[in-house]
Amino acid sequence: MFSDIGALELVTLVVLAVLVFGPEKLPKVIQDVSRFVRKIREFSDSAKQDIRSELGPEFKDFEFEDLNPKTFLRKQLEGNEDLKELKELRGTFDLKKEMNDVADAVHGRETTPAPAPASAPPAVNGSPDLLKKQDKPDTGERPPYDSDAT
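It should be emphasised that the depicted structure is a prediction, and the values quoted were computed from it without experimental measurement.

Student: Would you mind going over the overall build of the protein chain with me for this structure?
Tutor: Along its length, the protein chain carries four helices and zero strands. Listing each helix as α and each strand as β along the protein chain from the N terminus yields α-α-α-α. Looking at the protein chain as a whole, 5% of its 150 residues are labelled buried. When the accessible surface of the protein chain is summed, it comes to about 14,400 Å², and 60% of that surface belongs to carbon and sulfur atoms.

And the structure:
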């Protein structure tokens, strides 16, 4: 529960508790807080049991942690053959490289040339090939208008 609290922070909390409640009342406050936390946990556990019993026998293995989408997907894909293909696909995709390539293309910087396809598709209806690197227009010339992009 408090795994991210360091020693200095814990000492600071203890000193603050002594200053706020005083050394005489501090044990009573600690008992009251621990009793309150225990009651909250019992209430939470009984609510979970009530929900499980109301859902019926087909949900006897239901865990509330499964409502987290990551946990649900991991449980559904566990032992699935498609998971191996998904891991292979995930290993080949480099988001940082893809984002850098897009940024370079937007800013007009040279990138390392990607392997060109065997045959480039011809321009359709006179529209420019958007995959081909465009030459920079002269200073007085306006860039080409792309009606599909607006």
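Having seen the structure, we can now continue with the description.
Student: What is the right way to read the environment of A17 from this model?
Tutor: Relative to the helices and strands, A17 is located in helix α1 (residues 7-55). Residues A17 and I30, 13 residues apart in the sequence, show an inter-C-alpha distance of 9.7 Å. Setting aside residues no more than four positions away along its own chain, A17 makes contact with G22 and L26.

Student: For this particular structure, what's the right way to read a nonpolar patch on the surface?
Tutor: A grouping of V11, V15, L16, L19, V20 and F21 is seen on the molecular surface, where their side chains present a nonpolar patch of about 580 Å² in accessible area. Checked against the element boundaries, L19 lands in helix α1.

Student: Just to check I follow, could you spell out the pattern of salt bridges for this structure?
Tutor: Side chains that differ in charge, positive against negative, can pair when their charged atoms come close. Tallied over the full model, the rule gives three salt bridges. The salt bridge partner of D32 is R35, with a shortest N-O separation of 3.2 Å. Placement of both D32 and R35 in helix α1 is noted, with a separation of three residues, approximately one turn of the helix. If you follow the salt bridges from partner to partner, you end up with K28, D32 and R35 in one network.

Student: How should helix α4 (residues 95-107) be read in this particular structure?
Tutor: Across its 13 residues, α4 extends 18 Å between first and last C-alpha, which sits within 8% of the 18 Å expected from 1.5 Å per residue. Just beyond α4, the residue with positive phi is G108, at close to 75 degrees.

Student: Whenever I open this one, the confidence of the model for the protein chain confuses me. Can you help?
Tutor: Low pLDDT marks regions whose predicted coordinates should not be analysed in detail. Taken residue by residue, the protein chain gives an average pLDDT of 77. The fraction at 70 or more is 74%. Of all secondary-structure elements in the protein chain, the lowest mean pLDDT belongs to helix α3 (residues 81-92), at 72, while α1 reaches the highest, 90. Below a pLDDT of 50 lies the segment residues 116-120, which in the model reaches zero contacts outside its immediate sequence neighbourhood of four places, other chains included.

Student: What should I look at first to understand the side chain of R52 in this one?
Tutor: Its location among the elements puts R52 in helix α1. With a relative accessible area of 17%, R52 lands in the buried category.

Conventions adopted
Residues numbered from 1 in each chain as written. Predicted model: local features only at pLDDT ≥ 70, side-chain atom pairs only at ≥ 80, totals over all residues. Heavy atoms only, no water. Helix = DSSP H or I, 4+ residues; strand = E, 2+ residues; numbered from the N terminus. Buried < 20%, exposed > 50% of the residue type's maximum accessible area, 1.4 Å probe, protein only. Areas by Shrake-Rupley, 256 points an atom, 1.4 Å probe, with all protein chains shown as cover. Contact = heavy atoms within 4.5 Å. Patch = residues over 30% accessible without salt bridge, like charges linked within 9 Å, V, L, I, M, F, W, Y side chains within 5 Å. Salt bridge = Lys/Arg side-chain N within 4 Å of Asp/Glu carboxyl O. Expected span 1.5 Å × (residues − 1). pLDDT = per-residue confidence, 0-100.

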